[in-house]
Amino acid sequence: MHLFSGFNFRDWLLANDPALSRLRMASRVTLTIVLSFVILFAIQMFIVPLPKAAFGLGIVLSIEGGIAVRDKGNSRQLVTRLFGCVASLAVVGIAAGLEDRRFLSDLVFLVVIALASAGRVFGPRGFAIGMFSFTSYFMGAYFQPSLAELPYVAAGPVVAVLVGHVVRAVLLPDDWRRDLLRSLESVRGRINQILLKLAALAGGGHHVGEGDRQELRQLEDRLKEVVLMAESFIPRPPAGVFDGAADPAAELAIRLFDAHLAAESAIVVSFQNPPPFALVHAVIEADKAELATYEKTTEAMKDEPEGEAVRALLWLGEARQQLTQAIGEGQASGFAGIEAVKDTAQAEKIDFSFANPLLRSALQITLASAIAMGFGLALSRERWFWAVLAAFLVFTNTNSRGDTAMKALSRSLGTVFGIAIGLVLATLISSHLVIAIPVAAACIFFAFYFLQVSYATMTFFISIVLCLVYGMTGVLTLDLLQLRIGETVIGAVAGTAVAFLVFPARTRGALDAALARWFQALEELLTAIGEGKSGFSLIALSQKIDACYRDVTVAAKPLGSSWSVVTRPGQIRQTLAIFLSCTYWSRILAKSAAAPAAADELKTLIASDLVLMKDAAAQGSACFFIERKASRTTGRHLPLSREGARLGLEMIGSALERLYPQADVLPFAPGEAIARSKQG
């Protein structure tokens, strides 16, 4: 049986790389490096000899231009790149001028680090200029160009900036219509993965075990990830809520919402009652005749558990078809009926106090760099920059000390294993440039393709590239590689120590903040329903809960790591499953309440849920460390097709009660067993 006749490599790629965003970023960085190097080499060969610093700056600023410049719009990106180029030339000039005063140069490096880190308070542009400044001083102090060489060194930053802009704006530009189409295709691809798993369960004829549930939950999380991405590409009015269903963007948002909710519902129901294999096959192949046959049988199975499984799959099949239709329309017209909304966001007021976590982080980065500098200098006068680089980078994109420790560990492990493999490759191929150069380029591509997935993997490939470069330039030695590892470990340890001791952002503190946002979003949804609101405003609020849940999972991740001092990952996963269940029922509630409903009958349930929510919110992340005993309540199927608003409110209340159970056996609302099974 051929399940997916249209499945190909592109489908697989989209299913694993939504909107091909990782592929595009890796391609941009690699292409910018290659083109910049070729242009600089041509200048070297045909115009004027260039110092090594020009090539070094050209390469590292090609990287920074690809990953650090995050402004919206080509014109804003160009301005940021030009400011970054000016900052780069300025700090390289300072490094060159202070080369004969090494102690003063080292102190100035710390000042540059402090300013570059503090610049993040100015938003994406400040972050990018700070990264340009840090890496440029790093390269200037490393290559030690003379003042006389500065005009030639400038070729590196100028070429990298101009090439980077051409690659980003012309060769591989951003296009929200294309990205929206690809993300919708990715949503369909992940729904297909869910259907394949359901087909395997249905065809196997065995009970759904814990391993199957875990796989389905992972598929559900992957679907949520790409749905959130797709939603971000749909242009929304400044208020964030569409005016009506006649809006093509609103219609697309509804189709996406339905597809997400239908897939989740199919998973929820399958935990207790796997759907018939023939039905799953009919949904996969869009067999209208077979689906019509099952539709006729649903009324006869109205009160049976199997009936809910059938209804959930039929719903998913219809939603998948609607999504496929939207994709077809997008391919044909490029979403011509949807107009982009101009960016009207007002600049936020900048907080220069230490209440701003970005400024606290700037102090942490500076102290960690100073410590790494001191120990790095003790290990090597010439290669100590690697220690500072590691200390600086382990704080990037982290929000707690647990995050920082995980990133430090990832960088250290990636460096060790990358050097081990890189040493072998460099020994075998570094003398064969025709082979070594393409391999280095491929490693650069893979490094940045996996950057958003695994920092350790990125570091692994970059370490291989460095080994190949050392081999091609004839400076590769075992002592040099050992020094690289030692300096990296020094920087990682310095960063971790400072993260835990200076302005420590406790993992539980970050989790408390994420939970507060989730509870606030849930309160807004319940309050809006109580006030009689309906339609897109409720769906937008449920999407906000979804986004907040993702933040909760990110904040809780360090608590469940195997190396963590917290040795109860089972409780972490169990508690996250409760929040996931509540998030799911919030979407059910938003969809059901979008239709006319007897609001008076729901007010009591809303009031009860609000009380439970406020009680739970007051206790923050303590729910992640609660011992919970499994209920002995017998399971019942979920009537998803009836009384969605009432059921949603009941299930949200039950989920909130399970955060802080008061008894060994908890009272469950009718139909709650499926939500319990969703938690495993």
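Scroll up to find the structure this text is about.
Residues numbered from 1 in each chain as written. Predicted model: local features only at pLDDT ≥ 70, side-chain atom pairs only at ≥ 80, totals over all residues. Heavy atoms only, no water.

Participant: Explanation requested: the overall build of the chain in the structure shown.
Facilitator: A tally of helices and strands in the chain yields 26 helices and 0 strands. Per-residue burial for the chain yields a buried fraction of 51% across its 680 residues. For the chain, restricting intrachain contacts to residue pairs at least 6 apart in sequence, the fraction spanning at least 24 positions comes to 83%. Total accessible area computed for the chain in this model is approximately 29,600 Å², and 63% of it derives from carbon and sulfur atoms. (Helix = DSSP H or I, 4+ residues; strand = E, 2+ residues; numbered from the N terminus. Buried < 20%, exposed > 50% of the residue type's maximum accessible area, 1.4 Å probe, protein only. Contact = heavy atoms within 4.5 Å. Areas by Shrake-Rupley, 256 points an atom, 1.4 Å probe, with all protein chains shown as cover.)

Participant: Sorry, what's going on with the side chain of Arg-81 here?
Facilitator: Relative to the helices and strands, Arg-81 resides in helix α4 (residues 74-97). For the buried residue Arg-81, which engages in no salt bridge, the nearest side chain bearing the opposite charge is Asp-71, 7.8 Å off. Once residues lying within four places of it in the same chain are set aside, the contact partners of Arg-81 are Gly-65, Val-69, Phe-132, Val-161, Gly-164, His-165 and Arg-168. (Lys, Arg positive; Asp, Glu negative; His and termini not counted. Salt bridge = Lys/Arg side-chain N within 4 Å of Asp/Glu carboxyl O.)

Participant: How should I be thinking about empty space enclosed by the protein in this particular structure?
Facilitator: To locate leftover empty space, one rolls a probe as large as a water molecule over the atoms. Under the criterion given, the structure shown has 2 cavities of 30 Å³ or more. Reported here for the largest cavity is a volume of approximately 40 Å³. Taken together, Arg-28, Val-29, Thr-32, Gly-65, Gly-66, Arg-81, Gly-164, Val-167 and Arg-168 form the lining of the largest cavity. Within the residue set of the lining of the largest cavity, elements represented by two or more residues are α2 (21-46), α3 (52-67) and α8 (155-171). Counted by class, the lining of the largest cavity contains 2 nonpolar, 4 polar and 3 charged residues. (1 Å grid on protein atoms, 1.4 Å probe; cavity = no way out; pocket = protein on both sides within 12 Å on 5 of 7 lines; lining within 4 Å. Points joined across faces, edges and corners; volume = space filled by probe spheres on them. Nonpolar A, V, L, I, M, F, W, Y, C, P; charged D, E, K, R; others polar.)

Participant: Explanation requested: the packing of helix α11 (residues 248-270) against helix α22 (residues 536-556) in the structure shown.
Facilitator: Two packed helices can be described by the angle between their axes and the distance between those axes. Where α11 meets α22, the axes come as close as 12 Å, and the angle between the chain directions of the two elements is 50°. As summarised for this structure, α11 and α22 are arranged oblique, according to the angle between their axes. Note that α11 runs across α22; the crossing there is left-handed. Each of Ala-250, Ile-254, Phe-257 and His-260 in α11 lies in contact with α22, whose residues at this interface are Phe-536, Ile-539, Ser-542, Gln-543 and Asp-546. Of the residues that constitute the contact of α11 with α22, the class distribution is 5 nonpolar, 3 polar and 1 charged. (Axes fitted to C-alpha atoms, helices over the stretch in contact; angles between N-to-C directions. Parallel < 35°, antiparallel > 145°, perpendicular 65-115°, else oblique. Left-handed = near helix turned anticlockwise from the far one by under 90°.)

Participant: Would you mind showing me how to read the packing of aromatic side chains here?
Facilitator: Two aromatic rings are characterised by how far apart their centres lie and by the angle between their planes. With the rule as written, the count across this model stands at 25 aromatic pairs. Here Trp-386 and Tyr-470 contribute two aromatic rings whose centre-to-centre distance is 6.5 Å and whose plane-to-plane angle is 55°, an arrangement assigned as tilted. Of the two residues, Trp-386 is situated in helix α16 (residues 385-393) and Tyr-470 in helix α19 (residues 455-473); the sequence distance between them amounts to 84 residues. In this structure, Trp-386 and Tyr-470 share a single accessibility class: buried. Measuring from centroid to centroid gives 6.0 Å for Phe-519 and Phe-579, while their planes differ by 70°, and the two rings are edge-to-face. A residue pair is termed long-range when its members are at least 10 positions apart, and Phe-519 in helix α21 (residues 507-530) and Phe-579 in helix α23 (residues 569-593) qualify at 60 residues. When sorted by exposure, Phe-519 lands in the same class as Phe-579, which is buried. Through a chain of ring-to-ring contacts, the aromatic side chains of Phe-109, Phe-134, Tyr-137, Phe-138, Tyr-142, Phe-143, Trp-384, Phe-385 and Phe-392 assemble into a single cluster. The ring centre of Tyr-449 lies 4.2 Å from the NZ or CZ of Arg-22, which sits over that ring. The ring of Tyr-455 has Lys-407 lying over it, and the distance from NZ or CZ to the ring centre is 4.6 Å. (Phe/Tyr/Trp six-rings, centres within 6.5 Å; stacked < 30°, edge-to-face > 60°. Lys NZ or Arg CZ within 6 Å of the ring centre and 35° of its normal.)

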